[in-house]
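Spelled out, the chains give:
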Amino acid sequence: MSSKKPFYITTTLPYVNAEPHIGHALEYIRADIIARSKKLAGYDVFFNTGTDEHGIKVYQKAKQLNLDPQKYVDQASAKFREILPLLGIATNVVDIQFNFIRTTDSNHIKSAQAFWALVKKNGDKAKDGPYIYKKNYSIKYCVGCELEKTESELVNGRCSVHALQDLEIIAEENYFFKFSAFQKRLLELYADRPDFVIPGSRLNEIKAFVERGLEDFSISRLASKMPWGVAVPDDSDHVMYVWFDALVDYISAIGWPDDVVAEKKVSGAFKKWWVETGGVVQYCGKDNLRQQSAMWQAMLMAAELTPSKTIVVDGFVTGDGGIKMSKSLGNVINPLDVVKEYNADALRYYVAREISPFEDSPFTLEKFKEAYNANLANGIGNLTSRIMKMAEANIKPVKTKPTLAKEFTDAINCYDIKSACDFVWSKISALDVLIQKEEPFKKLKVEETKAGAIILIEELIKGLAEIALHLEAILPETSFKIQECIKLNKSPTVPLFMRK
RNA sequence: CGCGGGGUAUAGCAACGGUAGCUCGUCAGGCUCAUAACCUGAAGAUUGACGGUUCGAUUCCGUCCCCCGCAACCA
């Protein structure tokens, strides 16, 4: 049994209706950098991600393709699972327990049903309950799309694809969650924990939203119309609508509720990853702020579980000039294309340092190339070559024991990945300056100064090793290569990053 | 009066009640260990507009203009 402190981080589960895109890559990479940094800082890390696979869009899509829904989601989920190693995500790293959950996994389904049943039970005896109740609900249905439409999908109250057809209003009786009962407790949570949502501007946003008043939301659909979902406990006419299904993954992933029974024992996974960590750190896009920081937290309260630890909210990746990426504008970046042309670390670098940790940022191939040449090829790549060349020819292998810098861990603790990178690159720049100032390459040629030059080169190696240590979190592959060079006292056989 | 973010050098960003910084690009010089790389220096900004508070405002307050998201199931 490890004595290390546990740390639990998760991404939002992407809905498999769409193909993996740059936003998913961004979130994976960010969460991965935090996970690896925590590992470096001595934590035992649980890293969760996966896919959200139920619901009408997936069901319809499978029907269109004439596929069994399960077959369809198997394929769709695999696409997400497969890109993870290509992005350098820690699917197989010591001290990082990686988990890929699918909402169609049988243990997740069991967990979601148990969660529903628990919330129902708690609500039925609560003063402000019931928490789950039935109510008539009218959905807007587009006959052309054969799909239910949400308000945000409508243009002038009509389907954007079938604007000439009137939407059908279909009333059905659904289960609702009594979100409104949790307004006060949510506001208390936000007030008590100023770091609950990062960045602070997003905390203000969700606070303002909750203060305006909450509407109960629908949490089931009629199975007769849409069978592709988790069955509601004790009512086979209904399946769960996304919330009580997908959001529960953050606890089903760590063994809830099975391990709650075992919570009295020390070894329960839920106890370790939820109770001892103070909850999960959740990455999400800014469009998911409400779901993660309000709805899910209210659900946890209803289940009498402690809230998440922190919600870290990403901005969006945009095209040039802050314009939304879209196929018609041709400014969509496919992360796999970037990885193919450069490599995973190059993409990770760009995501970590050139894209704002919390605000929208543009991503263009021009900017990418510029940043790549300046900071990877000319920066860390070139620095490694110049130091190792001198080392290889003049010194014996140096043993180093670099330590993690406080500036770095401080930045990571604030989820400020960009600042953490800035720190590392300031070290890179400092070594370049030092070499120029001290000119060991000149001193080597003169007998009287040679000894001093050798000491200096050993110092440079130590500096490089320190950089490599920090890069384990950001550019794991590159870090490994640098550490190998240092160990073997050899300059890289091929440049770490070829100039483009 | 729905909510939020933003407007700073060519571009992308940072900062802050007290000399407005960084990266890319441009120009000049240096170096030769290194991937035409690296180092030093220079040019380049009435900090969106107008008012207010202040000894002092890019920063705080007010009004306005412009851009961009969100507005209950898109990272």
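Residues numbered from 1 in each chain as written. Chains lettered and ligands numbered in written order. Predicted model: local features only at pLDDT ≥ 70, side-chain atom pairs only at ≥ 80, totals over all residues. Heavy atoms only, no water.

Take the sheet that holds strand β13 (residues 235-240) next. Here we have three strands laid out as an open sheet, ordered β11-β13-β12, and antiparallel in their pairing. Sheet topology places β11 (220-222) and β12 (231-232) at the edges, where each strand pairs with a single neighbour. When β12 meets β13, the two strands line up antiparallel, connected through two bridges. The residue bridging A231 from the neighbouring strand is V239, located in β13. Across the sheet, helix α4 (residues 106-125) touches β11, β12 and β13, and the angle it forms with β13 is around 105 degrees. (Pairing = 2+ DSSP bridges. Helix = DSSP H or I, 4+ residues; strand = E, 2+ residues; numbered from the N terminus. Contact = heavy atoms within 4.5 Å. Axes fitted to C-alpha atoms, helices over the stretch in contact; angles between N-to-C directions.)

Counted at 1.5 Å a residue, the expected span for helix α11 (residues 289-302) with its 14 residues is 20 Å, and the 19 Å between its end C-alpha atoms agrees. The largest bend along α11 measures about 30 degrees and falls at W296. The buried count for α11 comes to 13 of 14 residues, which makes it a mostly enclosed element. Remark: E304 follows α11 within two positions and exhibits a positive phi of approximately 60 degrees. (Expected span 1.5 Å × (residues − 1). Bend = angle between axes of the 7 residues up to and from the residue. Buried < 20%, exposed > 50% of the residue type's maximum accessible area, 1.4 Å probe, protein only.)

Each strand in a sheet pairs with another by means of backbone hydrogen bonds, the pair being arranged parallel or else antiparallel. The strand order across the open sheet formed by six strands is β3-β2-β1-β14-β15-β9, and the pairing between neighbours is parallel. Taken across any chain shown, the strands that pair with only one partner, and hence form the sheet edges, are β3 (96-102) and β9 (197-198). In this structure, strand β1 (residues 6-10) lies alongside strand β14 (residues 281-285), joined through two bridges in parallel fashion. By the bridge assignment, I9 is partnered in β14 with V281. Of the strands in this sheet, β1, β2 (44-51), β3, β14 and β15 (310-314) touch helix α1 (residues 22-40), which is tilted by about 165 degrees from β2.

Further remarks concern the nonpolar core. L347, F363, I380, W425 and I474 are the most contacted members of the largest nonpolar core, which has 97 residues in total. Two domains each donate at least three residues to this core, and these are domain 1 (6-314) and domain 2 (365-488). Filtering out sequence-adjacent residues up to four positions away, I474 remains in contact with I33, R348, A352, F408, C421 and V424. Among the nonpolar cores identified, the runner-up in size contains 57 residues, and Y175, F179, F182 and F217 belong to it. (Core = buried A, V, L, I, M, F, W, Y, C linked by side-chain atoms within 4.5 Å. Domains from an automatic or database assignment.)

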